[in-house]
Amino acid sequence: MAGADDPARRWQQAVLAARLFGLDPAGLGGVVVRAGPGPVGDLWLEELLDSLAPGAPVRRIPVGTSDERLLGGLDLTATLAGGRPVLDRGILAALDGGVALLPLAERLPAGTAARVAGVMDTGMVQLERDGFTARHPTRLGLVLFDEGQESDEAVPEALRQRAAFWIDLDGIALADCLADVPEPDGHGRLPTGDVAGELVEALVHGAVALGVDALTAPLLALRAARAHAALRGSKLVAPVDVATAAGLVLAPRATRIPELPEPEPEAEPPPPEPPPDTDNASDEPPPDTTPPEQDQTLPEELVLEAVAAALPPALLEALRKGARVRARQEPQSSGGGARQAASMRGRPIGARPGHLRSGARIALLETLRAAAPWQALRQRTAPLTDTHAINAASAVRARIQVRPSDIQLRRYARRAESTVIFAVDASGSQAFHRLAEVKGAVELVLADAYAARTQVALIAFRGSAAEMLVPPTRALVRARTLLGALPGGGPTPLAAGLEAARLLAHAEKAKGRSVLVMVLTDGKANIALDGAPGRAQAGADALAAAARLRLAGVTSVLVDSGRFASTEARELALAMGARHVPLPNPRAGTVQMLVTDGLAQAKASAGGPVRSGGGLR
Amino acid sequence: MRPVYPFSAIVGQDEMKRALLVACVEPRIGGVMVFGDRGTGKSTAVRALAQLLPPLKATADCPWHCNPVDDPARCPHCSTHRVPGTRVKAVDFAAPVVDLPLGATEDRVVGALDLERALTRGEKAFEPGLLARADRGFLYIDEVNLLEDHLVDVLLDVAASGENIVEREGLSVRHPARFVLVGSGNPEEGELRPQLLDRFGLSVDVRTPQDIPSRIEVIRRRDAFDRDPKAFLANWQAADAALRNKIIKARKRIDALEPDQDILELISRLCLAIGSDGLRGELTLLRAARALAALDGAKTITATHVREAAPMALRHRLRRNPLDDTGSGARIERALADVMG
Ligand SMILES: [Zn+2]
C-alpha cells in the first residue's frame, strides 16, 4: 500500500481525476482540492482546464459573493437607464455546461452552499428575486479549493458530498509533477449502455465495506467509471474502470478499513499492481471490444483491492487506531470571512422609508417600487434639471425620477449569535454525576436556543489533557451523539482545560459572536499545563490560565462543584473575573439558568445591548 | 423542463411516501416535514408529486386558477370579472408543486407591486408571488432550516389561514393560498425551531436503506434514469398512473369515513400517553388515519390505520425530555405498545 503515499503517484491520480471530471463536470458534481498556496495547485487547475470541453464556461466565485451576483437580480444601472426593470442573470446561470471555481471553499457560508447545491440538484437556477421569475438551465460542476489551515474549517458537507473526487495535493512537490501523465486514448462520449450488474453490485458492496453510508458515493463512482471508460476510448464499462473509480471516489470517503481478500492487511503487501490507467495505459491495446469478464478476479475483490491501494495513509492510520473518523465536520452554522461580516450586520428583515446617511444601506428595489407609481406624473411636471431628482445615470436623460421621499433603507435584525463554552472537570470521583448534569444542561440550552441562535461547545479535561468533545454546534441531535460516551475519572489538568476554553473563545469572538465560558470544577488542579503531576505547579498554571482568560475579555462563570466551597475555586474565579457560584450538586436546570444570566452579561459586554426588532445600522 | 424522477420508482422510504400521499388526499393535514441525511431522496419524492397529482378544475380565463365551485368573492379576479348567475366554464389545470428556492426575496414569495407595469405604464398592479402560484397544490422548501425565520413565519401563517394578505407599496390585496407546505432538512445542520416544527402536521425521518439489495436497486434505477430519462419515465408511467387513481379514489372516499367511538378513544389515549398536549395532535392523527384508510380502500378506520399514522403525526409532538435519550420513534412505539397492547 506504499503506492497511496507516493507523491508522484498521488499527482497522477489527481490528474486522472481532473480528466474524468473534465469529461462530465455536471454528472460528477465536483472536485474537492486540498491544497495550500503554490504552483502545484495551479498546475492541477491547468490540467483541469485543458480537460474541459472547448468553450465550456469557467468562472471564479469568491467567498463573499452575494445572492444578487450568484443567482441574479435587478440590474440597477440598466434599469435606471432603460426605464424598465432589467434582469442581471447572475454568475451561476452563466455556467451551464461549465465549471465554477470556489476558492477558500472552507469559508463558504452554509447558506451559499445550500443555494449552489439546490442548483446542482435541479439542474437550473430558479430565480425568484426582485420581482423576477425565471428558470435558467444550469448544469455545472464545482472545483472546491480547500485551503483551510484551522482544523475547524472544512468545505460545507452539502457540496462536499456532491463532489465525486476529493484529492489532496499537500506534500506534492513540483518535481513530483514532472513525469508526463499519459494522454488519454479516447475523448469519446460517455458510454450510455447498461453496466454489468455485478459491477454495480461491486461498487455498492465496496461502499458498504468502507462504511460509506450515503448512496451518492457509489452513484458518483459509477459515473466516474463511465468517464474512465470513455477516457480509454471504450464503449463498455469494464472492471478496470469500476476499480479505478472506486479508488478515486470511494477510498477518500472510507470510515472503516474494509476486510480485504488478503487476511492480513498489515502484512508486507505484494508489490502493488499499479492500475493500468495511470502507468502504462498507452502500452495497452484499447480493450474496446474486449468483453469485461477477461479479468479473473471477481469485481467485488477488485474494487476492494483498488480501494485499499488508494486509501490515504493518514486515513488508514486513523482507521486502524479505531479513532472515530467522521468526514471532516464543517463548523456547523459558523464560518469565516464573509459570514463574519454578515453576522455582525444581522439578517435583512425588509425595508422602510428613511433618509440617506452614512452607514445606511439603500434598499434599491423597494425604493424603485416606491417611486414607480409617481413616474408618469413626475415626467410631466418635473423639469429635467430638477435638483431634487437623484439621477443615477446622469449622462442619460433621467428615465426614472427618484425623490428623497422615495428612499427606502434596508433594515437588519441584529443577530444575537453567541457561543456557550462548557469547560468541564471530568476528573475525580465526582465526575460521573457532574457530567450527567452538564450533559442535561447542554441539551436544555440547545433545546431553548433556536430563537436565540446559541451554539454550545464542550471541553472536558481529565487525565493529562483537555479534549473538545463537542465543537460549537446548534444541533441538539449532534451534541447528543457526541456526548454519548463522556469519559470520567483520573487527575485534573485544570490549566489545560482553561487554555482550551480560551483558544476556542478567541476563535468564536473573531467570528463576531459573544462568548460565555462556563467552568465546572472544584478548583483543585493536580496536573500542570505541561502535563506533569504536582499540585503546586498545577495550581499556579491554572491561575495563570485563568488570568489569560480574563485578559482575553471573556465573560465567564465558575460553578464550584466541590462538596465544600473551596479557596482554590474562589481564587480561580477572582483571577478569571468570573462569577463564583458554589453549587455542590449542580443540577441541569440550575446550570441552564446560570447560562441564561451569563449570556445576557456576555452580550452586554460585547458592544452594547442587543436591540430588539433591529433598527437601522 | 428537466425530467423528474417518478414517485413510484423510489425504492423503500415507505413512511415518507405514505405521508406525502396522505397530504395528497387530505390537504388539511397541515404540511409535512421530512428529515433526513443528504442523498436520501427527500427532495426527489416531493418534486415527483408534480407528475403524480391528478389535475384540478380551474375557472377558465382566471389568472388565479380559482376553483369554479368556490365563492367568486374570494378570488381577486372573479370577484370583479365574473357576472353573477352565469355558468362558469371549468378547465383542467395541473396541480402546482412549487419550489421555493433559497435566496428567494420576500416580494417574490408574497407578491408585490409589478415594477415593470408601474414604470412603463404607470399602472399600480399586483404581481402575485409563489404563495399564489402554490394555491391548491404544494409548496416545497428544501433545507427549510436555512430559510430566513421571518419567511418561514409568513409561510406558516398563510398555510394555516389559507389566505395571503398583502399590504405594501400602497397595494391592498388578499387572495386564497391553500397549499400543503412541505419542508425538508438535515437535522445535523441545525434544527428547526420547535415552534415551527409543531406547526407541521406530519413529520417523517428518512434514512438511507441499509440492506444491500435495496441499495443496489437505488443505484440501478437512478443510473437508468440519468442515462435515459424518457425511457425510464415511460417504464414507470403505468405505476404512477395506478397511484394517481388511488389518490383520486381515496379523495372520493375520505368524506364517508367516520371514526367510531373506539377509534376516537384510542387516539385520545395515544396522545395522552405521549404527552402531546392540545387538540392539534389528536386532530392530525385522526385525519392521517382517515386518509390512510381511504388510500387503502378500507370501509372503516381501524386501529391498524391509527398505528401507522401515529409515528408521523406525533413524532414531533412528544414532550421534549432532554434527559431521555430514547429516540422519538422508540417512544412512540412504547406508547403504542402500552395503549394498544
Ligand atoms: Zn378566479
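None of the values given here were measured: they were computed from a predicted structure.

A. Broad picture of the overall build of chain B. Looking only at helices and strands, chain B has 14 helices and 11 strands in total. The C-alpha radius of gyration of chain B comes to 21 Å, within 12% of the 20 Å expected for a compact globule of 341 residues. Projecting the C-alpha coordinates of chain B onto the three principal axes gives extents of approximately 65 × 50 × 40 Å. Per-residue burial for chain B yields a buried fraction of 55% across its 341 residues. Sequence separation of at least 24 residues holds for 74% of the intrachain contacts in chain B that already meet a minimum separation of 6. Charged side chains of chain B number 48 positive and 49 negative; the gap between the two group centres comes to 5 Å.

B. Structural context of the coordination of the zinc ion. Residue and element names in this part refer to chain B. Protein ligation of the zinc ion involves Cys-62 (SG), Cys-66 (SG), Cys-75 (SG) and Cys-78 (SG), the donor distances falling in the range 2.2 to 2.3 Å. Each of the four donor atoms around the zinc ion contributes to a set of angles spanning 102 to 118°, which defines the coordination as tetrahedral. Mapping the donors of the zinc ion onto the primary sequence gives the spacing C-x3-C-x8-C-x2-C. With Cys-62 in the loop between β2 (56–59) and α3 (78–81) and Cys-75 in the loop between β2 and α3, the pair connects residues that are 13 residues apart, well separated along the chain. For the pair formed by Cys-62 and Cys-75, the shared burial category is buried.

C. Up close: the domain arrangement of chain A. Residues and elements named next belong to chain A. For chain A, the domain assignment lists domain 1 (1–180), domain 2 (191–259 + 298–326) and domain 3 (417–611). Computed from C-alpha atoms alone, the centre-to-centre distance between domain 1 and domain 2 is 23 Å. Contacts between the two partners involve 20 residues from domain 1, matched on the other side by 19 residues from domain 2. The contact between domain 1 and domain 2 buries some 1,700 Å² in all, and 69% of this surface belongs to carbon and sulfur atoms. If you look at where domain 1 meets domain 2, you find one salt bridge. Where domain 1 touches domain 2, the interface holds four residue pairs in polar contact (both at pLDDT 80 or more).

D. Molecular detail of the pairing of strand β11 (residues 202–206) of chain B. Residues and elements named next belong to chain B. Burial runs high along β11: four of the five residues are buried. Direction of pairing for strand β1 (residues 32–36) relative to β11: parallel, over a ladder of five bridges. Note on β11: the bridge partner recorded for Val-34 is Val-204.

E. Molecular detail of the packing of aromatic side chains. By the definition in use, this model includes five aromatic pairs over all chains. Considering the side-chain rings of B:Phe232 and B:Trp236, the 6.1 Å spacing of their centres and the 40° angle between planes classify their relative orientation as tilted. Of this pair, B:Phe232 and B:Trp236 both sit in helix α10 (residues 229–253), four residues apart, roughly one helical turn. Counting every residue linked through ring pairs, the aromatic cluster contains B:Tyr5, B:Phe225, B:Phe232 and B:Trp236. Cation over ring: A:Arg160 sits above A:Trp166, and NZ or CZ is 4.2 Å from the ring centre.

F. Quick peek at the interface of chain B and chain A. Facing the 57 residues of chain B at the interface are 70 residues of chain A. Summing the contributions of chain B and of chain A, the shared interface buries around 5,700 Å²; its carbon and sulfur component is 56%. On the surface where chain B and chain A come into contact, there are eight salt bridges. Linking B:Asp226 and A:Arg223 is a salt bridge whose minimum nitrogen-to-oxygen distance equals 3.9 Å. For the pair chain B and chain A, the number of links is 14 residue pairs in polar contact (both at pLDDT 80 or more).

G. Highlighting the domain arrangement of chain B. For chain B, the domain assignment lists domain 1 (7–54 + 95–206), domain 2 (57–86) and domain 3 (255–340). Relative placement of domain 2 of chain B and domain 3 of chain B: their C-alpha centres are 38 Å apart.

Rules used in this analysis
- Residues numbered from 1 in each chain as written.
- Chains lettered and ligands numbered in written order.
- Predicted model: local features only at pLDDT ≥ 70, side-chain atom pairs only at ≥ 80, totals over all residues.
- Heavy atoms only, no water.
- Helix = DSSP H or I, 4+ residues; strand = E, 2+ residues; numbered from the N terminus.
- Rg over C-alpha atoms; globule rule 2.2 N^0.38 Å.
- Buried < 20%, exposed > 50% of the residue type's maximum accessible area, 1.4 Å probe, protein only.
- Contact = heavy atoms within 4.5 Å.
- Lys, Arg positive; Asp, Glu negative; His and termini not counted.
- Charge placed at Lys NZ, Arg CZ, Asp CG, Glu CD.
- Donors = N, O, S within 2.8 Å, 3.2 Å for Na, K, Ca; no water.
- Tetrahedral: all angles 85-135°; square planar, octahedral: opposite > 155°, others 65-115°.
- Domains from an automatic or database assignment.
- Buried area = accessible area lost by both parts, 1.4 Å probe.
- Salt bridge = Lys/Arg side-chain N within 4 Å of Asp/Glu carboxyl O.
- Polar contact = N/O pair within 3.5 Å; in protein donor to acceptor, adjacent residues only side chain to side chain.
- Pairing = 2+ DSSP bridges.
- Phe/Tyr/Trp six-rings, centres within 6.5 Å; stacked < 30°, edge-to-face > 60°.
- Lys NZ or Arg CZ within 6 Å of the ring centre and 35° of its normal.

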